Amino acid sequence: MSHTTRLRLPPLLLALGLATAATAVATAHAQVPMVPASNDGTLLTIAASADARRVPDIATLSAGVISQAADAQAAMRANAGQMDGVMATLRKAGIAERDIRTTGVNLHPQYRHSEDSAPQITGYQANNTVEVTVRDIAKIGPTMDALVASGANHVNGPSFSIDRPAEARDEARRAALEDARARARMYAETLGLRVRRIVSISEGAPGGPAHPMGMARMEMASADTAISPGENVVTANLEIVFELGR
């Protein structure tokens, strides 16, 4: 004759036991053990950075129209008329719709200030600005000239960048890694050791691509805008832990 013994736990103890077990499982999954050096090894941490340089292949500029009138509607109408000419010029220059983005349409009252009376509204100023991406560097100067000729009365830029910086960033990473490995070998040889392995690699925030401002010279008489794109620098920052040993 068999007997079955069942142990009944109070509900509170049962709940505490289940919670403790769940916490232990979660902790086991959450902890990522650090890889230690071997018993006879030494850890060496090296921070390395390297640059890759590229001639920029795209440019960004902003252009727009500032209009003033006695009343708000007149200011907006005048601004819209001039801005239509600016947009038509961009499309005629071959700028795709995806590369034209409105960044602001604003209307502000203009005031006359006097020491002995409250400010009085004397008119209104309307402002419409677009950001333009030019994917042919050779077209930047002519495009800026055409914008001014079509009615744009404020132009800023250009700012140069690399359309696809991944290749340059990988080049910088490889250079930083080779620099770190060379320095690790130097330390090891100086100490009479050798580099056994790489324990870990971490990458810091990228330092690029930088967007240097090009040199722009506006000469209204000849409508000749000179542009110099220069170079962009892409930087990779690595921290590498090596194990040295006999």
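Residues numbered from 1 in each chain as written. Predicted model: local features only at pLDDT ≥ 70, side-chain atom pairs only at ≥ 80, totals over all residues. Heavy atoms only, no water.

1. With respect to the overall build of the chain
Phase 1: In terms of regular secondary structure, the chain is built from four helices and seven strands.
Phase 2: In the chain, the succession of helices and strands from N to C terminus is α-β-β-α-β-β-α-β-α-β-β.
Phase 3: Taking all contacts inside the chain whose residues are at least 6 apart in sequence as the whole, residues at least 24 apart take part in 81%.
Phase 4: Summing over all exposed atoms, the chain offers an accessible surface of approximately 15500 Å²; the carbon and sulfur share of this is 55%. (Helix = DSSP H or I, 4+ residues; strand = E, 2+ residues; numbered from the N terminus. Contact = heavy atoms within 4.5 Å. Areas by Shrake-Rupley, 256 points an atom, 1.4 Å probe, with all protein chains shown as cover.)

2. Here we look at helix H2 (residues 72-92)
Phase 1: End to end, H2 covers 30 Å across 21 residues, agreeing with the expected 30 Å (1.5 Å per residue, within 8%).
Phase 2: Buried within H2 are the following residues: Ala75, Asn79, Met83, Val86, Met87, Thr89 and Leu90. All buried residues of H2 lie within an arc of 150 degrees about the axis, which places them on one face of the element. Exposed and facing more than 90 degrees away from the buried side of H2 are Gln73, Arg77, Asp84 and Lys92.
Phase 3: Among the structural elements, strand S2 (58-69), strand S3 (100-114), strand S4 (117-134) and helix H3 (140-149) are those in contact with the buried residues of H2.
Phase 4: One side-chain oxygen at the N-terminal end of H2 lies 3.2 Å from the backbone nitrogen of Gln73; it belongs to Asp71.
Phase 5: Once H2 finishes, Gly94 follows within two positions and takes phi at roughly 90 degrees, a positive value. (Expected span 1.5 Å × (residues − 1). Buried < 20%, exposed > 50% of the residue type's maximum accessible area, 1.4 Å probe, protein only. Arc of directions from axis to C-beta. Polar contact = N/O pair within 3.5 Å; in protein donor to acceptor, adjacent residues only side chain to side chain.)

3. Digging into the sheet that holds strand S7 (residues 232-245)
Phase 1: Pairing is antiparallel in the open sheet, where three strands are placed in the order S1-S7-S6. Since the sheet does not close on itself, it has two edges, and those belong to strand S1 (42-54) and strand S6 (194-203), each with one partner. The mean angle between the axes of side-by-side strands here comes to 30 degrees, regardless of whether they run parallel or antiparallel.
Phase 2: As defined by bridge partners, S1 adjoins S7 across 13 bridges and the pair is classed as antiparallel. (Pairing = 2+ DSSP bridges. Axes fitted to C-alpha atoms, helices over the stretch in contact; angles between N-to-C directions.)

4. A look at H3
For an α-helix, the turn length of 3.6 residues means that residues three or four places apart are oriented alike.
Phase 1: Of the residues making up H3, those classed as buried are Ile140, Gly141, Thr143, Met144, Asp145 and Leu147.
Phase 2: Residues of H3 that are buried sit in contact with S2, H2, S4 and strand S5 (154-161).
Phase 3: Positive backbone phi, approximately 125 degrees, marks Gly151, located one or two places after H3.

5. Considering unusual backbone geometry
Phase 1: Of the consecutive residues Gly157 and Pro158, the connecting peptide bond is found in the cis state with omega at 0 degrees.
Phase 2: Looking at where Pro158 falls in the secondary structure, it is placed in strand S5.

6. What about the pairing of S3?
Phase 1: Pairing of S3 with S4 involves 13 bridges; the strand directions are antiparallel. Residue pairing for S4: Pro109 is matched across the bridge by Tyr124.
Phase 2: Between S3 and S4, which pair antiparallel and follow one another directly, the connecting turn spans two residues.

7. A few points about a nonpolar patch on the surface
Phase 1: Residues Met76, Val105 and Leu107 make up a contiguous nonpolar surface patch of about 230 Å² in total accessible area.
Phase 2: For Met76, the position within the fold is in helix H2.
Phase 3: Looking at Met76, the relative accessible area reads 35%, which means it is partly exposed. (Patch = residues over 30% accessible without salt bridge, like charges linked within 9 Å, V, L, I, M, F, W, Y side chains within 5 Å. Salt bridge = Lys/Arg side-chain N within 4 Å of Asp/Glu carboxyl O.)

8. Describing the confidence of the model for the chain
Phase 1: For the chain, per-residue confidence averages 83 on the pLDDT scale, and 77% of positions sit at 70 or higher.
Phase 2: Across residues 1-33 the pLDDT falls below 50, and counting only partners more than four positions away or on other chains, this stretch makes one contact in the model.
Phase 3: Predicted confidence is poor over residues 213-223, with pLDDT under 50, and the contacts of this stretch with residues over four places away or in other chains come to 25 contacts. (pLDDT = per-residue confidence, 0-100.)

9. Notes on the packing of H2 against H3
Phase 1: Orientation of H2 relative to H3, taken along the N-to-C sense of each, is 155 degrees, at an axis distance of 9 Å. On the basis of the axis angle, H2 is roughly antiparallel to H3. Considering how the two elements wind past one another, H2 and H3 form a crossing that is right-handed. Contact residues: H2 offers Val86, Thr89 and Leu90, while H3 offers Thr143, Ala146 and Leu147. (Parallel < 35°, antiparallel > 145°, perpendicular 65-115°, else oblique. Left-handed = near helix turned anticlockwise from the far one by under 90°.)

10. Focus on the pattern of salt bridges
Close approach of charged atoms allows side chains with opposite charge to pair.
Phase 1: Under the criterion given, the structure shown has 13 salt bridges.
Phase 2: The closest approach of N and O atoms between Arg135 and Asp99, which form a salt bridge, is 2.9 Å. Within this pair, whereas Arg135 is found in the loop between S4 and H3, its partner Asp99 is found in the loop between H2 and S3, the two being separated by 36 residues in sequence.
Phase 3: The class for Arg135 is partly exposed, based on a relative accessible area of 35%.
Phase 4: Among the salt bridges present, the one from Asp163 reaches Arg135, with a minimum N-O distance of 3.6 Å. With Asp163 in the loop between S5 and helix H4 (166-190) and Arg135 in the loop between S4 and H3, this residue pair connects regions lying 28 residues apart in the sequence.
Phase 5: According to the relative accessible area criterion, Asp163 is partly exposed, its value standing at 31%.
Phase 6: The structure contains a network of salt bridges with shared partners spanning Asp99, Arg135, Asp163 and Arg164.

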